[in-house]
Amino acid sequence: MLEVTELPAGQRNAIGVTLGLLGDEWALLILREALLGASRFVDWRSRLPISNAVLTARLARLTESGLFVRGNGYRLTERGADVWSILLSIWAWEDRWVAAHVERLPVRVHRLCGKPFDPVLVCSACDGTVLAIDHTLAGGFGPSGSWERSVPAATTRRRSGDSADAGFFPETAALIGNRWSAALVGAAFQGVHRFSDFQRCLNAPPTMVADRIRTLCSLGVLGDDYRLTAKGLAFFPVVMCLVGWAQRWFRAAEGPALVHRHLPCDSAFVAALDCSSCGDRLARKDVVPTS
Ligand SMILES: [Zn+2]
Ligand SMILES: [Zn+2]
């Protein structure tokens, strides 16, 4: 049964809450290891270069937010396990577009067809492939949507002892691990490409906007014209899986933050992933990492 968390009116919407939770490399790594079987404190400590303090804080936050339940260790809830499609999209994108990783990423094999695969973003209603540039999605902000409500609250989570990035998903962390970067990426996917428009959307100081644009350009996600490059566009499945997860589990009193229709089938768009090898719908239990 899906238990949705109701968010108070006028506050952070589902996207803002989700970015605050998952726009954090350690949280993503803890969830990844949980999907691979970690459930006790020592499991994460032995698998990740994470400090006691950071692990304790993240597990508490993820438990509080309904991704884990305490018992004999930490067990993923349905909400926690449901991040698999986000992690899978990140894994595929980092694998294809990012050279520097502290660990070699394993190969993704689809249990049903036995072949290595890439996840393909599709419409869950009609199974049609959806690309960032094919204009088959119409829509945008819904009743609780606005730039202001879609960015996480300013965070104080970078404390001493809270080591910087882990380096496992280095560029994903750069794209979504910072409130302004995440908003900038969201704006770019909505077609924004002028400095003044970015600034208007983010409502942030110009030096901050300039700094974030420079970072995205240096990563090759934005080009010199401030438009998304092929690498940037390829991040779309991560964005749509994040949006899907956010809206499955959190709902603002006013309604959804984002509303999209898939035009070819005229249905509300819900992201799903297909196997690039056999074309079947991917399910969490059918995705296996092999070395
Ligand atoms: Zn469709
Ligand atoms: Zn397959």
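Preceding block: the structure.
It should be emphasised that the depicted structure is a prediction, and the values quoted were computed from it without experimental measurement.

About the cut-offs
Residues numbered from 1 in each chain as written. Chains lettered and ligands numbered in written order. Predicted model: local features only at pLDDT ≥ 70, side-chain atom pairs only at ≥ 80, totals over all residues. Heavy atoms only, no water. Buried < 20%, exposed > 50% of the residue type's maximum accessible area, 1.4 Å probe, protein only. Helix = DSSP H or I, 4+ residues; strand = E, 2+ residues; numbered from the N terminus. Pairing = 2+ DSSP bridges. Phe/Tyr/Trp six-rings, centres within 6.5 Å; stacked < 30°, edge-to-face > 60°. Salt bridge = Lys/Arg side-chain N within 4 Å of Asp/Glu carboxyl O.

Asker: Quick rundown of the pairing of strand E10 (residues 271-275)? Include the residues and the values.
Answerer: On any regular strand, side chains alternate: one points to one face of the sheet, the next to the other face. Burial within E10 is extensive, with five of its five residues counted as buried. The sheet contact formed by strand E5 (residues 119-123) and E10 spans five bridges and is antiparallel. Residue Cys123 lies in a different strand from E10, and its bridge partner there is Ala271.

Asker: Summarise the packing of aromatic side chains; cite the residues concerned and give the values.
Answerer: Evaluation of the coordinates by the stated rule reveals seven aromatic pairs. Relative to Trp147, the ring of Phe141 has its centre 5.1 Å away and its plane inclined at 85 degrees; by these criteria the two rings are edge-to-face. By relative accessible area, Phe141 is classed as partly exposed at 32%. Cluster of aromatic residues (ring-pair linked, three or more members): Trp44, Phe68 and Tyr74.

Asker: Lay out the pattern of salt bridges in plain terms, naming residues and giving numbers.
Answerer: Per the stated rule, a full pass over the model turns up 19 salt bridges. A salt bridge links Asp82 to Arg248; the shortest N-O distance between them is 2.8 Å. On the criterion of sequence distance, the pair formed by Asp82 in the loop between helix H5 (78-81) and helix H6 (84-97) and Arg248 in helix H13 (residues 236-249) is long-range, its members being 166 residues apart. On the basis of relative accessible area, Asp82 is assigned to the buried category, the value being 15%. Two residues, Lys285 and Asp286, come together in a salt bridge whose shortest N-O distance is 3.5 Å. For Lys285, a relative accessible area of 60% gives the class exposed. Classification of Asp286 by relative accessible area gives buried; the value is 6%. Taken together, the shared-partner salt bridges connect Arg32, Glu33 and Arg47 into one network.

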